[in-house]
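Commentary on secondary and tertiary structure
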Amino acid sequence: MTILTLESTCDETAAAVISDSGAVLGQCIATQETLHERFGGVVPEVAARAHLERILPVIDTAIVKSGVSVDDLSAIAVADRPGLAGSLLVGVVAAKTLAVAWQKPLVSINHLHAHLYACQMASEEAVYPSIGLVVSGGHTSLYHCTSPLDLEYLGGTIDDAAGEAFDKVGAMLDLGFPGGPAVSKLAQQGNPKAHDFPRSMIGAPDYRFSFSGLKTAVRYTIAPPPAKTVSASHLDQQAKADICASFQAAVVAVLVRKSTRAVKEYKTSHLIVGGGVAANPELRRQLQAAADKHGFRLVIAPPELCTDNAAMGAIALEKVRRGEYAELDLDITAGLQRGY
Ligand code: KG4
Ligand code: ZN
């Protein structure tokens, strides 16, 4: 069995050809960072149009790289949720069209479940059952995962996602887009105790997160009231680094505390972590320290599988094995509801 997987939930257009064993035979990722940079964030309409231009060449490249012929594909899988509506539509319509043209069955992929499946792809041993933490640009969610496809949502952010907060702090400090990698790099030179930023909801007896208060605290540190606009031009590199390190420390503290609590409450042996923010070295370091201290196994997706890609669409193999195919009337689920 060899499948083609498509990913277009946000601003990466990606395709991969995956073998029965989960090996990635060929893949292609087209990023749109330069398109969105001048806006300081992903503009949904711009993203959708860029997906439209790129999706066919990206699919073509992945298939050519894999050396697999279209006749040998057993199914076409596509991320249908959650994400930006226009972006999702491009991938879903492309997948449905190819399924009809090539006479292949269709499989739907939950993008957040796929982020966690990236951990299984990187691990020799079974990582389920486990607690799953997804930390991305659009989501911060905790799950109790009994299998790759059976996930109970425990809680998530009630406002900004962790990656979104990194991006907004990066934008306020003129660090470019996306802010996450730049903030984490500059944080290495900063003092994480320079500013005592809020660790919202860290002690709350649930699995909800909130990062908008932290973002506002950073804003007022950069531009104290009564300033109406935010400018970081008065800050030198060290001042910026201190803000980055202190901000990052606050995000990481909350993520580590709540994930550790979930592992204990649900008595799982594993914590699995995926999504773009899981590439953050300080988060990885502190999660490992918590795993060592509390005696659980930590599996974090390798950095290249943290940010959006189609390889993690290998989760579709699990659905094929269960005989869970999608119908041709498959629709997108943008999923602004936080439960996904
Ligand atoms: O998973 P992803 O590629 O897209 C979504 O599904 O949202 O995650 C992108 C997010 C962005 O917000 C980006 O700033 C963040 O992941 N990110 C990081 C790092 N690398 C990427 N955040 C913190 N530290 C990093 N090293
Ligand atoms: Zn993602």
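The structure under discussion appears in the preceding block.
This text gives an overview of the structure that appears in the document.

What counts and what doesn't
Residues numbered from 1 in each chain as written. Chains lettered and ligands numbered in written order. Predicted model: local features only at pLDDT ≥ 70, side-chain atom pairs only at ≥ 80, totals over all residues. Heavy atoms only, no water. Near = heavy atom within 4 Å. Polar contact = N/O pair within 3.5 Å; in protein donor to acceptor, adjacent residues only side chain to side chain. Areas by Shrake-Rupley, 256 points an atom, 1.4 Å probe, with all protein chains shown as cover. Nonpolar A, V, L, I, M, F, W, Y, C, P; charged D, E, K, R; others polar. Domains from an automatic or database assignment. Donors = N, O, S within 2.8 Å, 3.2 Å for Na, K, Ca; no water. Tetrahedral: all angles 85-135°; square planar, octahedral: opposite > 155°, others 65-115°. Helix = DSSP H or I, 4+ residues; strand = E, 2+ residues; numbered from the N terminus. Buried < 20%, exposed > 50% of the residue type's maximum accessible area, 1.4 Å probe, protein only.

The next subject is the site of ligand 1. Neighbouring residues of ligand 1: 20 residues in total, closest Gly-137, Asp-167, Gly-276, Asn-280 and Asp-308. At a separation of 3.2 Å, an oxygen atom of ligand 1 approaches a polar backbone atom of Gly-138. Relative to its free-state accessible area of 550 Å², ligand 1 is covered by the protein chains to the extent of 90%. Counted by class, the shell around ligand 1 contains six nonpolar, twelve polar and two charged residues. Counting contributing residues per domain, the shell around ligand 1 is built from domain 1 (2-115 + 307-322) and domain 2 (125-300), each supplying no fewer than three.

Time to look at the coordination of the zinc ion (ligand 2). For the zinc ion (ligand 2), the protein coordination sphere consists of His-111 (NE2), His-115 (NE2) and Asp-308 (OD), at 2.0 to 2.1 Å. Because the angles between the four donor atoms bound to the zinc ion (ligand 2) fall within 94 to 140°, the donor set is best described as irregular. When the donors of the zinc ion (ligand 2) are listed by position in the chain, the intervening gaps give H-x3-H-x192-D. Of this pair, His-115 sits in helix α4 (residues 111-121) while Asp-308 sits in the loop between α10 (303-306) and α11 (315-322), and the two are 193 residues apart along the sequence. Among the residues examined, His-115 registers a relative accessible area of 0% and is labelled buried. Exposure remark for Asp-308: the relative accessible area of 14% places this residue in the buried category.

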